Amino acid sequence: MAGGNERSMKALKEVWRRAENSLCADCGKPDPDWASSTLGVFICLSCSGIHRNIPSISKVKSLKMDHWDDAQVQFLAKHGNAVTKATYEAHIPIYYYQPTYNDCQVLREQWIRAKYERKEFTEPGKQLPYSDGVKEGILWKRGRDNGQFLPRKFLLSEREGCLKYFTKQDAKEPKINVKIDVINATFQPVKIGNPNGLQITYLKDNKTRNIFVYHESGKEVVDWFNAIRSVQFHYLKVAFPIASDNEIKNRLTRNFLKEGYMEKTGPKQREAFKKRWFTLDHRRLMYFKDPLDAFAKGEVFVGSRENGYSVQKGLPSGTQGNFSWLYGLTIVTPDREYLFTCETETDQLDWIAAFTSVINQAMTPQEYAIEAYFKFKS
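Conventions adopted
Residues numbered from 1 in each chain as written. Predicted model: local features only at pLDDT ≥ 70, side-chain atom pairs only at ≥ 80, totals over all residues. Heavy atoms only, no water. UniProt positions renumbered as here; feature names shortened; annotations may be inferred. Helix = DSSP H or I, 4+ residues; strand = E, 2+ residues; numbered from the N terminus. Buried < 20%, exposed > 50% of the residue type's maximum accessible area, 1.4 Å probe, protein only. Contact = heavy atoms within 4.5 Å. Areas by Shrake-Rupley, 256 points an atom, 1.4 Å probe, with all protein chains shown as cover. Lys, Arg positive; Asp, Glu negative; His and termini not counted. Charge placed at Lys NZ, Arg CZ, Asp CG, Glu CD. Domains from an automatic or database assignment. Buried area = accessible area lost by both parts, 1.4 Å probe. Axes fitted to C-alpha atoms, helices over the stretch in contact; angles between N-to-C directions. Parallel < 35°, antiparallel > 145°, perpendicular 65-115°, else oblique. Left-handed = near helix turned anticlockwise from the far one by under 90°. Nonpolar A, V, L, I, M, F, W, Y, C, P; charged D, E, K, R; others polar. Polar contact = N/O pair within 3.5 Å; in protein donor to acceptor, adjacent residues only side chain to side chain. Pairing = 2+ DSSP bridges.

- Identification of the protein as ADAP1 protein from Fregata magnificens is taken from an unreviewed UniProt entry.
- Note on the protein: under the UniProt heading Subcellular location (unreviewed entry), the record states "Cytoplasm".

This is the structure we're talking about:
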């Protein structure tokens, strides 16, 4: 008996050590130490918790702490991540967002349910709730002035190339009508205070506007997210016919590089530093009085190093403004220096790393046009 158990453990470790099983099958996290005995995939602890919520599909066990019998080990050896992915991820639309371990719970859960429970990607050309080119429904939207979430009708149309929302169900005219190519969408459960919270941003007169929404159903809000990506993808395919699918995919919705509080001072650098919420959306650094403000109080363009932009640790000597946070950093642009302070050294280093990643990238022709607008505006 002991020998059989020893043999099973040895066989289990051999399967576990395969290169294909070195990352979680669902989120890509390294060194997964759980597995599904019914699906044959190796997964991380976090994803195993989601699998536990669909027991009719997946039975999960720890690879370190639980007993695996010979039949279960043989099943894992026959399947594994590569074989199972070939079945359940055979026909994922190019625009569908595949979350990683850094993404929020609702994205990861709906990705797992889409694969194994709803089997959305097993057949070619399958009709999906986010692939029709049109989506209409109710989302709970945060009011700009009163902060209350109220139901609003939203309409997404590939034919019209826009997203609209209406303040009333029977309203003839939308409150907003936004072109699909200026929209971004990113999940913000912590900021919005709802596990299904979605932030939709768009450009109006080259300024960023925020809309905060959620839906009680995790599936519905993730369907909206992927419907936006689907419409954007097909719109950009027409707009840029020679671009590859992967090039277009990289231009769809994006997560913010970094968000958080810093203190800032004014252009004269003698004013008191004020605490503001900052969002770095690639080359746009926006600051808000409150994280849920609809409009930014100001925006700073962050260009490339070859065009005279840099980030420096600390503040210039002789800085006169009063500040309560001690960990400073300076953004240097061709026109002026922007001074900020952070609450902790970790925050300071994280912000410097985020700015450096942007500054080290060459600018595109579109970004030169944005830079010119910022200079004209100032």
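### Remarks on the overall build of the protein
Next, step 1: When you go through the protein residue by residue, the secondary structure sums to 10 helices and 17 strands.
Next, step 2: Principal axes of the C-alpha set define a box for the protein whose edges measure 80 × 55 × 45 Å.
Next, step 3: Counting across all 378 residues of the protein, residues that qualify as buried make up 49%.
Next, step 4: Within the protein, counting contacts between residues at least 6 apart in sequence, those at least 24 apart form 53% of the total.
Next, step 5: Looking at the protein as shown, the accessible area adds up to about 18,900 Å², and 50% of this sits on carbon and sulfur atoms.
Next, step 6: Where the 56 positive side-chain charges of the protein centre and where its 45 negative ones centre are 3 Å apart.

### What to know about the domain arrangement of the protein
Next, step 1: Assigned domains within the protein: domain 1 (1–117), domain 2 (134–249) and domain 3 (258–376).
Next, step 2: The straight-line distance from the C-alpha centre of domain 2 to that of domain 3 is 27 Å.
Next, step 3: Each side of the interface is counted separately: domain 2 has 14 residues, and domain 3 has 14 residues.
Next, step 4: When the area that domain 2 buries against domain 3 is broken down by residue, the three leading residues are Lys191, Asn206 and Thr208, summing to 44%.

### Observations regarding the packing of helix α2 (residues 45–52) against helix α5 (residues 105–117)
Next, step 1: The interhelical angle for the contact between α2 and α5, taken along N-to-C directions, is 60 degrees, at an axis separation of 10 Å. By the angle between their axes, α2 is oblique relative to α5. Judged by the twist between their axes, the crossing of α2 over α5 is right-handed. Contacts from Ser46, Cys47, Ile50 and His51 of α2 reach α5 at Gln105, Arg108, Glu109, Ile112 and Tyr116.
Next, step 2: Taken together, the residues that form the contact of α2 with α5 break down as four nonpolar, three polar and two charged.

### Some details on the UniProt feature "domain: PH" (unreviewed entry) in the protein
Next, step 1: Feature annotation in UniProt places "domain: PH" (unreviewed entry) on residues 132–233 and 255–360, given in this structure's numbering.
Next, step 2: Here residues 132–233 runs as 20% helix and 46% strand, with 13 Å between its end C-alpha atoms.
Next, step 3: What you have in residues 255–360 is 14% helix and 38% strand, and the ends, taken at the C-alpha atoms, are 19 Å apart.

### Describing the environment of Arg142
Next, step 1: Within the secondary structure, Arg142 is located in strand β4 (residues 134–142).
Next, step 2: Separated by 72 residues in the primary sequence, Arg142 and Tyr214 place their C-alpha atoms 8.8 Å from one another.
Next, step 3: Not counting residues up to four positions away in its chain, the partners in contact with Arg142 are Gly147, Gln148, Phe149, Phe212 and Leu292.
Next, step 4: At a separation of 3.3 Å, a polar atom in the side chain of Arg142 contacts the main-chain carbonyl oxygen of Leu292.

### As for the pairing of strand β13 (residues 284–288)
Next, step 1: Counting buried residues along β13, five of its five residues qualify, which places the element largely inside the surrounding structure.
Next, step 2: Here β13 shows a buried face lined by Arg284, Met286 and Phe288 and a second buried face lined by Leu285 and Tyr287.
Next, step 3: Of the pairings in the sheet, the one linking strand β12 (residues 274–281) to β13 comprises five bridges and is antiparallel in character. Following the sheet pairing, Trp277 is matched in β13 by Phe288.

### Considerations on the side chain of Lys164
Next, step 1: Note on placement: Lys164 falls in strand β6 (residues 162–166).
Next, step 2: In this structure the side chain of Lys164 is engaged in a polar contact, spanning 2.8 Å, whose partner is the side chain of Glu160.
Next, step 3: Excluding its chain neighbours within four sequence positions, the residues that come into contact with Lys164 are Lys153, Phe154, Leu155, Pro174, Ile176 and Asn177.

### Here's the deal with unusual backbone geometry
Next, step 1: The phi dihedral of Asp31 falls on the positive side, at around 60 degrees, and the residue is not glycine.
Next, step 2: Turning to its location among the elements, Asp31 is positioned in the loop between α1 (2–16) and β1 (34–36).
Next, step 3: Phi is positive for His282, close to 55 degrees, though the residue is something other than glycine.
Next, step 4: In this fold, His282 is placed in the loop between β12 and β13.

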